[in-house]
Amino acid sequence: MHLFDKKGFTLVELLVVIVIIGLLAALVGPKLFPKLGKGKQAAAKAQIELLEQALDQMRLDIGRYPTTQEGLSALLVNPGIERWDGPYLKKGLPNDPWGKPYNYQNPGTHGEYDLFSYGRDGASGGDGEDKDVTNWE
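Residues numbered from 1 in each chain as written. Predicted model: local features only at pLDDT ≥ 70, side-chain atom pairs only at ≥ 80, totals over all residues. Heavy atoms only, no water.

A. How the structure looks around the overall build of the protein. Secondary structure assignment for the protein yields 1 helix and 3 strands. Its helices and strands in sequence order give the protein the pattern α-β-β-β, from N to C terminus. Here the protein holds 137 residues, and the buried ones make up 28% of them. Taking as baseline every contact in the protein between residues at least 6 positions apart, the subset at least 24 positions apart corresponds to 42%. Approximately 9,600 Å² of the protein is accessible, and the part contributed by carbon and sulfur atoms is 61%. (Helix = DSSP H or I, 4+ residues; strand = E, 2+ residues; numbered from the N terminus. Buried < 20%, exposed > 50% of the residue type's maximum accessible area, 1.4 Å probe, protein only. Contact = heavy atoms within 4.5 Å. Areas by Shrake-Rupley, 256 points an atom, 1.4 Å probe, with all protein chains shown as cover.)

Okay, structure coming up:
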């Protein structure tokens, strides 16, 4: 058996495959990243809807939504409210998909209460992944 009789890939073949994988990543990557932002927006909307359900359940029990001062933490820990029958969330209070807490105001400007995330940039307004996710839109 000779030294060059072994089967395998040559360096040129490996380089060609690496170049092809690089080209595919360059073509597919930019189309895939915007979808990641849309996924986080959808996740924030879903979390807001779950928080709204918990707030509605709390309102049924105590006759009102928590105040801004009581905040969303009133869904987990009784802040001294009579007829409170929580916790109203099975798990802890979630942060938005960008790791920031949800904003809650009662009374709200757009309804009985406002529940929202400022998006990726953490500031009011914005487009794409920076767009605010709210309970009134």
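Read on, since the account is not over.
B. Expanded view of the side chain of E70. With respect to the secondary-structure elements, E70 resides in the loop between α1 (11-62) and β1 (103-105). For E70, a relative accessible area of 18% translates into the label buried. Every residue in contact with E70, bar those within four places of it in the chain, is listed here: R64, P79 and I81.

Take it as geometry only, folks, not as evidence of what the structure does.
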